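Notes for the structure review
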Amino acid sequence: GLTSNRWQLQSYSTPSGGYQQPLPGTEITARFGADGSLSGSAGCNSYNGTFTAYDQKLRVNRLTSGQALCQSPAGIMDQEGTFLTLMQRAGSMSISAGQLTVFDGAGNRILEFVNG
């Protein structure tokens, strides 16, 4: 289930409508706590927030993250900003065969995690 796993980002949506994988050497994770806490690594900084989930709905509340600037790999800070923005657009989710798919409010697939 959602709260029993540590999730690792496998792909995320891009503004152009495609999907891309996290940069090599970066790891983006999410842990949804049974108490409604949300935490993980956005690739450079760790982040924290809260969430609510019921049925297939998923709402992520305001996330806060560290302020460190990572220099490498190139693009890591853009990737982090994109990920945190997408997380806060969550509207619904589905979990199947060790995969967590997050959709925005319009039903577009925005984040794909694997149990890891």
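Owing to the predicted nature of the structure, the values given are computational and were not obtained by experimental measurement.

Procedures and definitions
- Sequence order as written defines the numbering, with residues in each chain counted from 1.
- Restriction of local features to residues with pLDDT of at least 70 applies here, the model being predicted, together with a cutoff of 80 or more for giving and counting side-chain atom pairs; totals for whole chains, interfaces and linings are based on all residues.
- Computation of side-chain values: all heavy atoms of the structure, hydrogens and water removed.
- Among buried residues, the Ala, Val, Leu, Ile, Met, Phe, Trp, Tyr and Cys ones that are joined through side-chain atoms within 4.5 Å form a nonpolar core.
- Only protein chains enter the accessibility calculation, which uses a 1.4 Å probe; a residue is then buried when its area is under 20% of its type maximum, exposed when over 50%, and partly exposed in between.
- Think of it this way: any DSSP run of H or I at least four residues long counts as a helix, any run of E at least two long counts as a strand, and we number them from the N terminus.
- Here, two residues are considered to be in contact whenever any of their heavy atoms come within 4.5 Å of each other.
- Salt bridge, as used here, is a side-chain nitrogen of Lys or Arg placed within 4 Å of a carboxyl oxygen of Asp or Glu.

1. Here we look at the nonpolar core
If you look at the biggest cluster of nonpolar residues, it comprises 25 residues, and the most contacted ones within it are Phe32, Leu38, Tyr47, Phe83, Met87, Leu111 and Phe113. Looking at this core, the element that brings in the most residues is helix H1 (residues 76–87), giving 4 residues. With residues near it in sequence (within four places) discarded, Phe32 still touches Leu2, Thr3, Trp7, Ser37, Leu38, Phe51, Leu58, Met87 and Leu100.

2. Here we look at the pattern of salt bridges
Tallied over the full model, the rule gives 2 salt bridges. We note a salt bridge from Glu27 to Arg6, for which the minimum N-O separation is 3.0 Å. Placement of the pair is Glu27 in the loop between strand E2 (19–20) and strand E3 (29–32) and Arg6 in strand E1 (residues 6–13), with a sequence separation of 21 residues. Glu27 sits in the partly exposed class, given a relative accessible area of 36%.

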